[in-house]
Amino acid sequence: MSFKRFHLSDLKYTFHQLKCLSRNLNNHHYSSYQLELARLHSHRRCLHTSSFRTLAVDFDVNETQPAAAAGPPPPVSCSAPAAAQSDHLHVPVMAEQSIKLLDPSDNKCFIDMTFGAGGHTKRILAHAPKAKIFALDRDPTADGLAKKLQQQYSNVTPVHGKFTDLKTLLDAYDVRRESVDGILFDIGASSMQFDSTARGFAISRDAPLDMRMDGVASPEQPSAGDVVNYAGENDLFQILKMYGEEKHARDIARAIVESRQAFGKIASTKQLASIVELVYQGNHKLDSLGRHAHVATKTFQALRIFVNNELNELNNGLILAHDYLRPGGVCVVISFHSLEDRIVKRHFHGIDMDKRFNAGIGDHLQNSAFTFSNETMSGLMKRKRWSPISRKVTSATDDEIVANPRSRSAKLRAAVKLTTINE
């Protein structure tokens, strides 16, 4: 199977020579969802000599540059902490709406594309204890939790990998195309990842700048710290602008470069957050609950998306979801920011991924100066792959937001598969 990718070019970098990304971005018609993750192929020597030591961030002009830490960086543990295995740490977002759309029963087969701590899978099992569920996740910790759940439910099958690995993983279990009844995506970093200090996802927890969803399972994959410390100013600007939609992207990129030149490597989440705070100079925003939102939120989001190639993974995951769903099967996607939601909307509403604006088939045909034959209209409608269950995005209820503040930015879209794939 071939995937449609958002091509820039197949760039390969060393940590000391990230020089092609900006030129390719500037010559490419891009929207925020169209950027190809530039794969940063590192020298292992650079990985092992990178300092992940936490440094005090007090940008006094008299402060001396800290000495580099000796020896390899401390490993980032991917083992599940005891607390992370309790249900109360992960409350599944928009679970009731998702279950209603999936309509689980014991004779159906489902794929949970983002198992995480298993919240949505457990809700499916509560309604249909004998339903067949494939629990996919790229995070080794999540895969361990799926294996633990399998001890209780033999009908749960853990599959460890990314969305793009799905075909290879399901082939091992002889899962045929168009044989799955429902597929669920809960996109983005999980609560479990944010709550694990060592993973470096959370602004509020001081930790090494890692943010790799695969953890140490993919040591060749660059971390957020690698990007922050070795990308050029314009490269950082493009990443923050495109993946974070950060209005101060240029100033933040410049501050990052100047900080590392003056004080050495940016090793921790606290350091990076402090640099962004200096750019904003106390101009804090409020979130939808009226709470102070940290000004570095979009910067962390951009780095996480870039490092994990999240948008390409989502696009390819939706292609695979259509391939494995039976006609009439339901795909439910929960996203948490506009970049993800745009990709989902375009898939479900039949909008060409290469078009700049959200114009579907119906929009292109709304011209009173032209008429179209039945054959033309029939051919156009046969191109439609999904039927959205609702044209409008669904948000979490007020009660759920109060009970689970992480649901405040959740957006749910669902669609029914229409066509049979013959290619």
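It should be emphasised that the depicted structure is a prediction, and the values quoted were computed from it without experimental measurement. (Residues numbered from 1 in each chain as written. Predicted model: local features only at pLDDT ≥ 70, side-chain atom pairs only at ≥ 80, totals over all residues. Heavy atoms only, no water.)

Our next topic: the packing of aromatic side chains. Counted by the stated rule, this structure contains four aromatic pairs. Each ring, one from F163 and one from F185, has its centre 5.3 Å from the other, and the planes form 85°; the classification is edge-to-face. Here F163, found in the loop between β3 (156–160) and α6 (166–171), pairs with F185, found in strand β4 (residues 180–186); they are 22 residues apart in sequence, far enough to count as distant. Classification of F185 as buried rests on a relative accessible area of 0%. Of note, K132 hangs over the ring of F134, and the distance from its end group to the ring centre comes to 5.1 Å. For the cation-ring pair, R250 lies above F237, with the distance from its terminal atom to the ring centre recorded as 3.8 Å. (Phe/Tyr/Trp six-rings, centres within 6.5 Å; stacked < 30°, edge-to-face > 60°. Helix = DSSP H or I, 4+ residues; strand = E, 2+ residues; numbered from the N terminus. Buried < 20%, exposed > 50% of the residue type's maximum accessible area, 1.4 Å probe, protein only. Lys NZ or Arg CZ within 6 Å of the ring centre and 35° of its normal.)

Turning our attention to the environment of K108. Mapped onto the fold, K108 is located in the loop between α3 (95–102) and β1 (109–112). Assessed through its relative accessible area of 18%, K108 is described here as buried. Expressed as a C-alpha distance, the spacing of K108 and I133, which sit 25 residues apart in the sequence, is 8.7 Å. Once you skip the residues sitting within four places of it in the chain, K108 turns out to touch L102, D103, A131, K132 and D181. A distance of 2.8 Å separates a polar atom in the side chain of K108 from the backbone oxygen of D103. (Contact = heavy atoms within 4.5 Å. Polar contact = N/O pair within 3.5 Å; in protein donor to acceptor, adjacent residues only side chain to side chain.)

Let us look at unusual backbone geometry. Both trends apply: most residues other than glycine have a negative phi, and most peptide bonds are in trans. Even without glycine at this site, D174 takes up a positive phi of about 55°. Structurally, D174 is set in the loop between α6 and β4. Overall, the relative accessible area of 63% leaves D174 in the exposed class. The phi dihedral of N309 falls on the positive side, at around 55°, and the residue is not glycine. As for its placement among the helices and strands, N309 is situated in the loop between α12 (297–308) and α13 (310–324).

Along the chain, R260 falls in helix α10 (residues 249–263). Despite being buried, R260 has no salt bridge partner; D235 is the closest side chain of opposite charge, sitting 7.7 Å away. Apart from the residues lying within four places of it in its own chain, the contact partners of R260 are V228, N229, Y230, A231, G232, L236 and I266. (Lys, Arg positive; Asp, Glu negative; His and termini not counted. Salt bridge = Lys/Arg side-chain N within 4 Å of Asp/Glu carboxyl O.)

As a further point, take helix α14 (residues 338–348). Most of α14 is tucked away, with eight of its 11 residues classed as buried. Of all the positions in α14, only L339, E340, D341, I343, V344, R346, H347 and F348 are classed as buried. In the stretch just after α14, G350 is the one whose phi turns positive, near 70°.

Looking now at helix α11 (residues 269–280). For α11, spanning 12 residues, the distance from its first C-alpha to its last is 17 Å, which sits close to the expected 16 Å at 1.5 Å a residue. Burial in α11 covers these residues: T269, Q271, L272, A273, S274, I275, V276 and Y280. Summarising the contacts, the buried residues of α11 are in contact with α8 (224–230), α10 and α12. Count one or two residues on from α11 and you reach Q281, which has phi positive near 50°. (Expected span 1.5 Å × (residues − 1).)

What follows deals with the pattern of salt bridges. Pairing between side chains of opposite charge can happen when the charged atoms of each approach one another. Tallied over the entire structure, the rule returns 15 salt bridges. Here R254 and E233 are joined by a salt bridge, their closest N and O atoms 3.6 Å apart. Placement of the pair is R254 in helix α10 and E233 in helix α9 (residues 233–244), with a sequence separation of 21 residues. Taking the relative accessible area as the measure of exposure, R254 reaches 32% and is therefore partly exposed.

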